[in-house]
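# Observations on the model geometry
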Amino acid sequence: MVAAPDLVFVRSSRARNYRLTLRRNGVAVATIPARGTEREAQRFVAEQHAWLTRARARQAKKPRSAEVWSLGTTVLWRGLMTEIRGTNTSAKPVVSLAADTFRVATLERDLRPTLEAHFARRARLELPGRTWELAAETGVEVKQVAVRNQRSRWGSCSASGTISLNWRLMQAPATVRDYIILHELMHLREMNHSARFWARVEEVCPWWRDAEQWLKRNGSLLGL
Ligand SMILES: [Zn+2]
C-alpha cells in the first residue's frame, strides 16, 4: 500500500514557465516547462508556498467535487497522459483513449463515471489473466483473483491465497501493474515487509524501485 502524495511534478513540452495549480482533489500540480528541471520546479514551489497555503484553505471551505472529464481532457491511461477523443459517426458515440475505444451514451455529459466503469470492466478482463500468468512464472499458488474498487490500496492478498487488485491499475504502466501483482504474489510466500520479502521481490521484479517511484509520483492522479 502506497500513500498518495499531495504534490506532483508534471513535465509539459508546451509550457513556457513553471506553474503551480491546485486540483480539485487537493493535489498540487507543478508544471515543468520543456527546458526546466525538477530542482528549479521545487524552488518555484517553495516560493509559492504562501499562495498554496491560501489556495488549500479556500478549497477546504468548499464542498469537494470530482474533476469533470470531457472531450479533450487528458487522463492517465495505461501509463500515459492521454487525451479523451470522441466520434459521433456511428449509431452510438464512441470515446477513444489511444488504441482503446469505449461506447458511451452521450458525449455531452461528464464522461468520468462512464469511462471509470469501462476501466473497471477492462481491468476485470485483463488483470486476472496477467496474475495467473505471473503466478505460473514464479511458481506461486493462487486460489482466486479479485478486481476491486479500493480507495486506499493498489493490491492486497489473503493468507488463503486470494489476490485483490485495484482496477485503477489499468491507468498505470504495464511495468507498474506487474510490480503490484508480483508484490502481492511474493506476500503469499512472505506475509510481511521484511528484508526477506524485499529480496524475493527483487528476484522476480528487479525494477520494483522504479515502479514504487512512479506510484509515489502519480498515485494521486489515479484518484487514490
Ligand atoms: Zn506489501
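Before reading on, note that the structure itself is shown above.
Structure report, in brief. Note that the structure is a prediction, hence the values are computed from the model and not measured.

The subject of this paragraph is the overall build of the chain. On a plain count of helices and strands, the chain comes out with six helices and 11 strands. Overall, the C-alpha framework of the chain stretches about 50 × 50 × 35 Å when taken along its three principal axes. Taking all 224 residues of the chain together, the buried fraction comes to 44%. Carbon and sulfur atoms provide 50% of the accessible area of the chain, an area that totals close to 12,800 Å². Both charge centroids of the chain, one from 37 positive and one from 21 negative side chains, sit 7 Å from each other.

The next subject is the nonpolar core. Ranked by size, the top nonpolar core spans 44 residues in total, and within it Ile 84, Leu 115, Phe 119, Leu 165, Tyr 179 and Leu 185 carry the most contacts. Elements with a minimum of two residues in this core: β4 (74–77), β7 (94–97), α3 (112–138), β9 (144–148), β11 (162–166), α4 (174–187), α5 (195–204) and α6 (208–218). Of the domains in this structure, domain 2 (74–112) and domain 3 (115–222) are the two that each give at least three residues to this core. Judged by nonpolar contacts, the second largest core, of six residues, contains Ala 28, Ala 30, Phe 44 and Leu 52.

As a further point, take the coordination of the zinc ion. For the zinc ion, the full set of protein donor atoms is His 183 (NE2), His 187 (NE2) and His 193 (NE2), and the range of their distances to it is 2.0 to 2.1 Å. Spacing between the donor residues of the zinc ion along their common chain follows H-x3-H-x5-H. Remark: His 187 and His 183 occur in helix α4; sequence separation between them is four residues, near one turn of the helix.

On to the environment of Gln 42, then. Here Gln 42 lies in helix α1 (residues 38–47). Overall, Gln 42 belongs to the partly exposed group, its relative accessible area being 42%. A C-alpha to C-alpha distance of 9.8 Å links Gln 42 and Tyr 18, two positions 24 residues apart in sequence.

This part covers the sheet that holds strand β1 (residues 7–11). The strand order β1-β3-β2 describes an open sheet built from three strands, whose pairing is mixed. Strand pairing shows two members of the sheet lacking a second neighbour, β1 and β2 (19–22), which therefore form its edges. If you compare each strand with its neighbour and ignore which way they point, the axes differ by 25° on average. In the packing of α1 onto the sheet, contacts are made with β1, β2 and β3 (28–32), and the angle to β1 comes to roughly 135°.

What counts and what doesn't
Residues numbered from 1 in each chain as written. Predicted model: local features only at pLDDT ≥ 70, side-chain atom pairs only at ≥ 80, totals over all residues. Heavy atoms only, no water. Helix = DSSP H or I, 4+ residues; strand = E, 2+ residues; numbered from the N terminus. Buried < 20%, exposed > 50% of the residue type's maximum accessible area, 1.4 Å probe, protein only. Areas by Shrake-Rupley, 256 points an atom, 1.4 Å probe, with all protein chains shown as cover. Lys, Arg positive; Asp, Glu negative; His and termini not counted. Charge placed at Lys NZ, Arg CZ, Asp CG, Glu CD. Core = buried A, V, L, I, M, F, W, Y, C linked by side-chain atoms within 4.5 Å. Domains from an automatic or database assignment. Donors = N, O, S within 2.8 Å, 3.2 Å for Na, K, Ca; no water. Pairing = 2+ DSSP bridges. Axes fitted to C-alpha atoms, helices over the stretch in contact; angles between N-to-C directions. Contact = heavy atoms within 4.5 Å.

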